[in-house]
Amino acid sequence: MQKFLVIFICAFLMLSFDYIASYPLFDQPPHFPKPIYNFNKNPLDSAAIELGRALFYDPILSRDNSISCASCHSPFNAFAHTDHDLSHGIFDSIGTRNAPALFNLAWHKLFMWDGAINHLDVQALAPITSHKEMGSSIKEVIEKLNASKEYKSRFNQVFKDPKITSSRILKALSQFQLTLISAGSKYDLVVSGKDQFTHQEKNGYELFLKNCNSCHQEPLFSNYTIQDNGLPLDSTLNDLGRFNISQVESDKMKFKVPSLRNLSYTYPYMHDGRFRSLKEVINHYTERLYKTPNKSPIQDNPIKLNSNEKVDLIAFLLTLNDPNFVFDKKHQFKKISMGAKE
Amino acid sequence: MIRWLVVFLSLLAIKAEAQDFHSIQFVPKFGNHHLELNTEYTLGNDKITFTNLKFYIADLSFFLKDSLIHRPDQKVFLIDVSDSNSLKIFTNTKSTFDRITFKIGIDSVTNVAGALDGDLDPVHGMYWTWQSGYINFKLEGIATNCPARLHKFYWHIGGYLQPFAAQRCIELKGNFSKIKNVNIQIDELFKYIDISQTYNVMSPSVHAIEIADRLAGIFKITD
């Protein structure tokens, strides 16, 4: 009997160590679901996270060394491009979409506004290659990194081998981005019993649960699916969203549901940044829904809110701002100096 | 001296043994001609020059009398006509076989697996960047009947999601012995696909499927 108990305890310890070993640097918020990202294939490692952080802030990824990931995904804007409806890239190019905020990426199944990218590890290939973003290629990036003594030694340090390959670059970028976890807002404190909503916020929360939660599901505040939210087509962009990827008629005007966390830092809103304020967004859902042929559920049931309720809803939405995440120094730019100690 | 002779003879034996392993040799063809890149071929009133021909083959399997006798450890091979080494695939079996099967292109599981290495490394130009997914079959060139700028055509055939999943299965039967040539009859494609209509295919689409459906017909074994 005792022997079995010992075996059981050993097995239990091994399993828990295994869990800890798989996610040692991943700060899983207790009220969040299990992440979708498979950490077993890219186990987080502090040196790799730091390498990814260096790459994220380095314009070496662009053809003329002018644009870094952070050019459009700034830490102070919850890694979005605040105040720009459409993103700016290499040679003053202007893209066709609003740069999405980057956080809680381990829970995303698809990336980009149309879900064109199916895995975080291959996401960076898109901006690196796009003629309107970085205008380079992964081959060119590898050549440039290989010419840098700092990076060569950094890759050697992380991968115990100096070879710089596409998968190593991409996985390091993923590592850094996976650490961008936003779970420190007032809402999160209320959920964990450390704070309380005001009367107005509580009322707004109830309105949110009734009207918004089916797509913007708490606690991530998105179910990260692709939906038609009743926006009319902007004829200057002719962006048909998911249809451009799938060529399936019923996917016209479908875009990925964004999270509602950090809204104060990430305006303007929608895939093309057409709304500058939350008030405009709420008025869209209550009064200005456009009937597209897809007939998504929201279009048949416009949200009914009076002006007081709109104010309450916004008060709740502001509790999703997470300044602890936005101003966290460990996500910000840090100059690499190979000689210097970490 | 005798010791050296023994070593020499055993080396010879190893070499002879190595030659007994079977292999598959892909031979790109245009009609009866061996297809070379950057060489002009005539088809009807069209003159066609190919600048790039690359494709993936996956799950190569060798059968004898309906039983699987060999499947290489490497699941996917990138065949690139500009790299003659890639055209030959060695096996580690000496057994003969009467049927081979393989797939042209990459399956959906591999397509959603993230950043991969080796033949699946995106540096090979066989991965779409603006939307995730491998290009299964890439043929580029210049055809006088192609109305595009400089008469250039681009066939990048891929896609792993329905209704435009483009991976195709190939089965070849025959009397296999030692090195077997598998001809890739590129001219066959041009019998069915009109280059004056279908010249820019660079995403999963109806046109990609139209070409993918013809790929099985271009692989032929010869004795």
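Rules of the game
Residues numbered from 1 in each chain as written. Chains lettered and ligands numbered in written order. Predicted model: local features only at pLDDT ≥ 70, side-chain atom pairs only at ≥ 80, totals over all residues. Heavy atoms only, no water. Salt bridge = Lys/Arg side-chain N within 4 Å of Asp/Glu carboxyl O. Helix = DSSP H or I, 4+ residues; strand = E, 2+ residues; numbered from the N terminus. Buried < 20%, exposed > 50% of the residue type's maximum accessible area, 1.4 Å probe, protein only. Contact = heavy atoms within 4.5 Å. Buried area = accessible area lost by both parts, 1.4 Å probe. Polar contact = N/O pair within 3.5 Å; in protein donor to acceptor, adjacent residues only side chain to side chain. Nonpolar A, V, L, I, M, F, W, Y, C, P; charged D, E, K, R; others polar. Core = buried A, V, L, I, M, F, W, Y, C linked by side-chain atoms within 4.5 Å. Domains from an automatic or database assignment. Axes fitted to C-alpha atoms, helices over the stretch in contact; angles between N-to-C directions. Parallel < 35°, antiparallel > 145°, perpendicular 65-115°, else oblique.

1. Thoughts on the pattern of salt bridges
Then, in step 1: Applying the stated criterion across every chain, the model contains 22 salt bridges over all chains.
Then, in step 2: The partner of Lys310 of chain A in a salt bridge is Glu287 of chain A, with the nearest N and O atoms 2.7 Å apart. Highlighted residues: Lys310 of chain A in helix H14 (residues 307-318) and Glu287 of chain A in helix H12 (residues 278-287), separated in sequence by 23 residues.
Then, in step 3: Using a relative accessible area of 15% as the deciding quantity, one classes Lys310 of chain A as buried.
Then, in step 4: Within the structure, one salt-bridge network assembled from shared partners comprises Asp59, Lys75, Lys103 and Asp107 of chain B.

2. Side note on H12 of chain A
Note on helix geometry: an α-helix contains 3.6 residues per turn, so any two residues three or four positions apart are oriented the same way.
Residues and elements named next belong to chain A.
Then, in step 1: Here H12 lies mainly inside the structure; 7 of its 10 residues are buried.
Then, in step 2: Among the residues of H12, those classed as buried are Leu278, Val281, Ile282, Asn283, His284, Tyr285 and Thr286.
Then, in step 3: Next to the buried residues of H12 lie helix H13 (297-300) and H14.

3. Some words on the interface of chain B and chain A
Then, in step 1: The interface of chain B with chain A comprises 20 residues on the first partner and 23 residues on the second.
Then, in step 2: Of the roughly 1600 Å² buried where chain B meets chain A, counting both sides, 58% is carbon and sulfur surface.
Then, in step 3: Taken together, chain B and chain A are joined by 0 salt bridges.
Then, in step 4: The interface formed by chain B and chain A contains 6 residue pairs in polar contact (both at pLDDT 80 or more).
Then, in step 5: Considering only residue class, the side of chain B that touches chain A consists of 13 nonpolar, 5 polar and 2 charged.

4. Section: the nonpolar core
Within soluble globular proteins, side chains that are nonpolar tend to cluster in buried spots.
Then, in step 1: If you look at the biggest cluster of nonpolar residues, it comprises 69 residues, and the most contacted ones within it are Leu55, Phe56, Leu61, Leu145 and Ile169 of chain A.
Then, in step 2: Summarising the domain contributions, this core has at least three residues from each of domain 1 (39-182 + 326-331) and domain 2 (186-324) of chain A.
Then, in step 3: Sequence-distant contacts of Ile169 of chain A, that is, excluding residues within four places in its chain, are made with Leu55, Ile138, Val141, Ile142, Leu145, Phe155 and Ile164 of chain A.
Then, in step 4: Counting 49 residues, the second largest nonpolar core, distinct from the first, contains Leu35, Ile57, Trp155 and Ala208 of chain B.

5. A few points about the environment of Tyr127 of chain B
Then, in step 1: Position of Tyr127 of chain B relative to the elements: it lies in the loop between helix H2 (108-111) and strand E9 (135-143).
Then, in step 2: Overall, Tyr127 of chain B belongs to the buried group, its relative accessible area being 8%.
Then, in step 3: Once the C-alpha coordinates of Tyr127 of chain B and Gly158 of chain B are considered, the two residues, 31 residues apart in sequence, prove to be 9.2 Å apart.
Then, in step 4: Among all residues touching Tyr127 of chain B, those that are not within four sequence positions of it are Val122 and Leu125 of chain A together with Pro122, Ser132, Gly133, Tyr134 and Ile135 of chain B.

6. What to know about the packing of helix H10 (residues 199-211) of chain A against H14 of chain A
Residues and elements named next belong to chain A.
Then, in step 1: Between H10 and H14, the least distance of the axes is 7 Å, while the angle of their chain directions is 95°. Classified by the angle between their axes, H10 and H14 sit roughly perpendicular to one another. Here Gln200, Glu201, Asn203, Gly204, Tyr205, Leu207 and Phe208 of H10 come into contact with H14, specifically with Glu309, Val311, Asp312, Leu313, Ala315 and Phe316.
Then, in step 2: Along the lines of polarity and charge, the residues of the contact of H10 with H14 split into 7 nonpolar, 3 polar and 3 charged.

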